[in-house]
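Understanding the architecture of this molecule
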Amino acid sequence: MTTEELLEILKAKFPGLAFELAATKPDSAIRVPAEKIGEVAAFLRDEPTLRFDMLMCLSAVDRKGSFEVVYHIFSMTNGHRSVLKVFVPTEKPQVPTVGHIWRTAEWHEREAFDLMGVEFVGHPDLRRILLPDDWEGHPLRKDYKTAEEYQGLRTAYDNLNDTPDLAWELP
Amino acid sequence: MGVLEGRFGDNILITSVDKVFDWGRSRSLWAVTFGLACCAIEMMCTGASRYDLDRFGTFFRPSPRQADLMIVSGTVTFKMASRLKRIYHQMADPKWVIAMGSCAICGGPYWQRGYSVVKGVDQIVPVDVYIPGCPPRPEALIAGLLELREKVIMKEKVLAKAAQEA
């Protein structure tokens, strides 16, 4: 099934929604309004002719001004795949979770939250997954500035001559 | 040798207790099982049959309580730093640390943009031997171990060498 065919199916099912075809390479994608991604995802998974029963990857991209959340979905039953995209503004990066539709999404969403700061509304456990809990900021954002220190350790590379004194004590 | 020289019969050696202990320590450097990244693969390979670290008395022990040596083999992240320090403190004295590979020495390929990487494990624990490489070959690790063995058994010689180089 091509992305264009899928787009027609979605337009027929959700007549009020503004879907868009993003003719990107190598995969063209369908742009979905952020607040409706949950309903669309549930339909894509449960409709027998589509049956997208697997979320292969959920990732986030910083487009400077907006975040793009990308869903790569696959149907093991029917053997077709597609890409969904959701755009949210940087000031209010809130996307409804799809964790209850594909359980895979729960950790992927935690990763996107951890590194990009996209907030997944309705996620059961939205904590950092890779970085330490007391980390400040989201490092994969374009405007991220690395902090000078983390727990007394310098983050920048120093010459041996100005390496700080050894931190001996347990925290 | 002083007053004890020649006081005993043949086949009796006289030495100081420290020297005997250091000799024993240098020949049985048990390393804590602790790998961080691709250097750990190389370290495991060194421990396996082809390179066979057992020849040098180095075994990997599953507990830091039983280990004398920590081989920091790989990238140390800030999240790992406190754990690494804890493992080091759990080891019984005397203990030694080998920084294996570029990452453990200075942050390696992450020295500039690695926001989450410690730029050198010597910021956290004292390092005895640095082994450069990305990752170092097993031969390099063995060479580092032999260097450490020399450091353990011949402190004066090593100190003199360091003073000479300085």
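Residues numbered from 1 in each chain as written. Chains lettered and ligands numbered in written order. Predicted model: local features only at pLDDT ≥ 70, side-chain atom pairs only at ≥ 80, totals over all residues. Heavy atoms only, no water.

Overall, the coordinates contain 13 salt bridges over all chains when judged by the stated rule. Between Glu20(A) and Arg31(A) there is a salt bridge, and its shortest N-O distance comes to 4.0 Å. Here the residue Glu20(A) occupies a position in strand E1 (residues 20-22), and Arg31(A) occupies one in strand E2 (residues 29-31), the gap between them amounting to 11 residues. Across the pair Arg137(B) and Glu139(B) runs a salt bridge, and its minimum N-O distance is 3.3 Å. (Salt bridge = Lys/Arg side-chain N within 4 Å of Asp/Glu carboxyl O. Helix = DSSP H or I, 4+ residues; strand = E, 2+ residues; numbered from the N terminus.)

So, about the packing of aromatic side chains. Evaluation of the coordinates by the stated rule reveals 8 aromatic pairs over all chains. Between Trp135(A) and Phe78(B), the aromatic rings sit 6.3 Å apart at their centres with planes inclined by 40 degrees, giving tilted as the arrangement. Here the residue Trp135(A) occupies a position in the loop between strand E7 (119-121) and strand E8 (149-150), and Phe78(B) occupies one in helix H3 (residues 78-90), the pair thus bridging two chains. The two residues Trp135(A) and Phe78(B) agree in class, both being buried. On the basis of an interplanar angle of 70 degrees and a centroid distance of 6.1 Å, the ring pair of Tyr144(A) and Tyr115(B) is categorised as edge-to-face. You can see Tyr144(A) sitting in the loop between E7 and E8 and its partner Tyr115(B) sitting in the loop between helix H4 (101-106) and strand E5 (129-131), one on each of two chains. Note on accessibility: Tyr144(A) and Tyr115(B) belong to one class, buried. Aromatic rings pair up to connect Trp135(A), Tyr144(A), Tyr150(A), Phe78(B) and Tyr115(B) into one cluster. Over the ring of Phe87(A) we find Arg31(A); its NZ or CZ atom is 4.2 Å from the centre of that ring. (Phe/Tyr/Trp six-rings, centres within 6.5 Å; stacked < 30°, edge-to-face > 60°. Buried < 20%, exposed > 50% of the residue type's maximum accessible area, 1.4 Å probe, protein only. Lys NZ or Arg CZ within 6 Å of the ring centre and 35° of its normal.)

This part is about the packing of helix H1 (residues 3-13) of chain A against helix H2 (residues 37-46) of chain A. Residue and element names in this part refer to chain A. Look at H1 against H2: their axes get within 12 Å of each other, and the N-to-C directions meet at 115 degrees. In this structure, H1 meets H2 at a crossing whose hand is right-handed. Of the residues in H2, those in contact with Leu6, Ile9, Leu10 and Lys13 of H1 are Val40, Phe43 and Leu44. When grouped by side-chain class, the residues that make up the contact of H1 with H2 number 6 nonpolar, no polar and 1 charged. (Axes fitted to C-alpha atoms, helices over the stretch in contact; angles between N-to-C directions. Left-handed = near helix turned anticlockwise from the far one by under 90°. Contact = heavy atoms within 4.5 Å. Nonpolar A, V, L, I, M, F, W, Y, C, P; charged D, E, K, R; others polar.)

A separate point is a nonpolar patch on the surface. Residues and elements named next belong to chain A. A surface patch of nonpolar side chains, about 270 Å² in accessible area, is lined by Met54, Met56 and Met76. Topologically, Met56 is positioned in strand E3 (residues 54-62). The partly exposed category is assigned to Met56, whose relative accessible area is 33%. (Patch = residues over 30% accessible without salt bridge, like charges linked within 9 Å, V, L, I, M, F, W, Y side chains within 5 Å. Areas by Shrake-Rupley, 256 points an atom, 1.4 Å probe, with all protein chains shown as cover.)

Bringing the side chain of Thr155(A) into the picture now. Tracing the backbone through its elements, the reader meets Thr155(A) in the segment after strand E9 (153-154). Given a relative accessible area of 8%, Thr155(A) falls into the buried group. Among the polar contacts made by the side chain of Thr155(A), one reaches the main-chain carbonyl oxygen of Glu148(A) at a distance of 2.9 Å. For Thr155(A), the contacting residues outside a window of four places in its chain are Thr146(A), Ala147(A), Glu148(A), Glu149(A), Tyr150(A), Phe78(B), Tyr115(B) and Lys119(B). (Polar contact = N/O pair within 3.5 Å; in protein donor to acceptor, adjacent residues only side chain to side chain.)

Further remarks concern the interface of chain A and chain B. Between chain A and chain B, the residue contacts involve 24 residues of the former and 18 residues of the latter. Interface of chain A and chain B: buried area, both sides summed, is about 1,900 Å²; carbon and sulfur atoms make up 68% of it. Summed over the shared surface of chain A and chain B, the number is 2 residue pairs in polar contact (both at pLDDT 80 or more). When grouped by side-chain class, the residues that make up the side of chain A that touches chain B number 19 nonpolar, 3 polar and 2 charged. (Buried area = accessible area lost by both parts, 1.4 Å probe.)

Turning to the packing of helix H2 (residues 38-47) of chain B against helix H5 (residues 138-153) of chain B, a few remarks are in order. Residues and elements named next belong to chain B. One can describe the packing of H2 onto H5 by two numbers: an axis separation of 9 Å at closest approach and a directional angle of 75 degrees. Judged by the angle between their axes, H2 and H5 are roughly perpendicular. Taken together, the residues of H5 that come into contact with H2 (itself represented by Glu42, Met43, Cys45 and Thr46) are Pro138, Leu141 and Ile142. Class assignment of the residues belonging to the contact of H2 with H5 gives a composition of 5 nonpolar, 1 polar and 1 charged. (Parallel < 35°, antiparallel > 145°, perpendicular 65-115°, else oblique.)

Quick look at the pairing of E3(A) now. Residue and element names in this part refer to chain A. Relative to strand E4 (residues 66-74), E3 runs antiparallel, the two being bridged by 8 bridges. Bridge pairing in E4 links Leu55 to Ile73. In textbook terms, the turn of a hairpin is the stretch between consecutive antiparallel strands, and for E3 and E4 this stretch comprises 3 residues, one of which, Lys64, has a positive phi near 55 degrees. (Pairing = 2+ DSSP bridges.)

Let's shift gears to the nonpolar core. Residues Leu10(A), Phe19(A), Leu44(A), Leu58(A), Tyr71(A), Val86(A) and Val95(A) are the most contacted members of the largest nonpolar core, which totals 34 residues. Taken together, the elements giving at least two residues each to this core come down to H1, H2, E3, E4, strand E5 (81-89) and helix H3 (104-116) of chain A. For this core, the leading source of residues is H2(A), giving 5 residues. Counting 27 residues, the second-largest nonpolar core is a separate cluster that includes Tyr150(A), Leu153(A), Phe34(B) and Val76(B). (Core = buried A, V, L, I, M, F, W, Y, C linked by side-chain atoms within 4.5 Å.)

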